[in-house]
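# Results of the structural survey
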Amino acid sequence: MNLFFGKAKAKSTPKDAIVRLRETLLMLEKRENFLQTKIDNELKVAKANATKNKRAALMALKRKKQYEVQIEKISGSRMTIETQVMAIESANVNLETMNAMKAGSDAMKNIHGKLDIDKVDSTMDEIREQMDLANEISDAISQPVGFGYDMDEDELNAELEELEQEELDSKLLGAEAPPVHMPSVPNQPLRSKIQEEEDEDAELAELRASMAN
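My aim in this report is to walk through the structure given alongside it, one point at a time. Quick caveat: nothing in here was measured; it's all calculated off a predicted structure.

About the thresholds
- Residues numbered from 1 in each chain as written.
- Predicted model: local features only at pLDDT ≥ 70, side-chain atom pairs only at ≥ 80, totals over all residues.
- Heavy atoms only, no water.
- Helix = DSSP H or I, 4+ residues; strand = E, 2+ residues; numbered from the N terminus.
- Buried < 20%, exposed > 50% of the residue type's maximum accessible area, 1.4 Å probe, protein only.
- Contact = heavy atoms within 4.5 Å.
- Areas by Shrake-Rupley, 256 points an atom, 1.4 Å probe, with all protein chains shown as cover.
- Patch = residues over 30% accessible without salt bridge, like charges linked within 9 Å, V, L, I, M, F, W, Y side chains within 5 Å.
- Salt bridge = Lys/Arg side-chain N within 4 Å of Asp/Glu carboxyl O.
- Lys, Arg positive; Asp, Glu negative; His and termini not counted.
- Charge placed at Lys NZ, Arg CZ, Asp CG, Glu CD.
- Axes fitted to C-alpha atoms, helices over the stretch in contact; angles between N-to-C directions.
- Parallel < 35°, antiparallel > 145°, perpendicular 65-115°, else oblique.
- Left-handed = near helix turned anticlockwise from the far one by under 90°.
- Nonpolar A, V, L, I, M, F, W, Y, C, P; charged D, E, K, R; others polar.

With that settled, the discussion passes to the overall build of the protein. Looking only at helices and strands, one finds six helices and zero strands in the protein. Counting from the amino terminus, helix and strand elements in the protein follow one another as α-α-α-α-α-α. Among the 213 residues that make up the protein, the fraction classed as buried is 8%. Considering only residue pairs separated by 6 or more positions, the protein has 76% of its internal contacts joining residues 24 or more positions apart. In the form shown here, the protein has an accessible surface area of approximately 19300 Å², with 58% of it arising from carbon and sulfur atoms.

See the structure below:
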């Protein structure tokens, strides 16, 4: 078929369509400005010949009217193209959004295709086993070690009981021994105080007797 009709045209992308429509809008705008210049010139001719040459003034006004009709058509075309551009842009945004969402969905399917609940549970069990092993190793390392031999707890308890018995025997022997009487020594400071009080009483009695005489 291509031998008869030539190569098939490549499909236009939304971006290509928008570019072409904007180029058309620019061309129409230039055409509209050109016609507006013509209208302004014809209006000047009509004014200049309004009183001098009515025929020339009427012809100028007719041409002005024709240019205005063309501008109205161009304005309608521009409005249609601008609406089409906005519609294509909106559709293109929707398309890009859908493509992005589809890519995200495919990525999630690809990830979940490599995972299942059994694999997740198995991995979590392995993690827990390794954590338990790490705790056991930590506990084993923190335990005090013997200095080359194992201590016999029964032997240590027996030795402790012997020491307690010796202490009790020592206390009992100390309680049964007779008390040792130490020779009494007069309390010299107490006697001195009594003597001082007696001397003060004697002096006080002598003073009262002298005052009575």
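Once the structure has been displayed, the description carries forward.
On the surface, a cluster of negative charge is contributed by Asp152, Glu153, Asp154, Glu155, Glu159, Glu161, Glu162, Glu164, Glu166 and Asp169. In this fold, Glu159 is placed in helix H5 (residues 153-176). Judged by its relative accessible area of 46%, Glu159 falls in the partly exposed class.

A contiguous nonpolar surface patch, about 460 Å² in accessible area, is contributed by Ile117, Val120, Met124, Ile127 and Met131. Relative to the assigned elements, Val120 resides in helix H4 (residues 117-142).

What follows deals with the packing of helix H2 (residues 14-48) against helix H3 (residues 54-113). Packing of H2 against H3 brings their axes to within 8 Å, and their N-to-C directions diverge by 160°. Between H2 and H3, the angle is such that the two are roughly antiparallel. In the crossing of H2 with H3, the sense of the turn from one axis to the other is left-handed. Taken together, the residues of the contact of H2 with H3 break down into 20 nonpolar, seven polar and twelve charged.

Take it as geometry only, folks, not as evidence of what the structure does.
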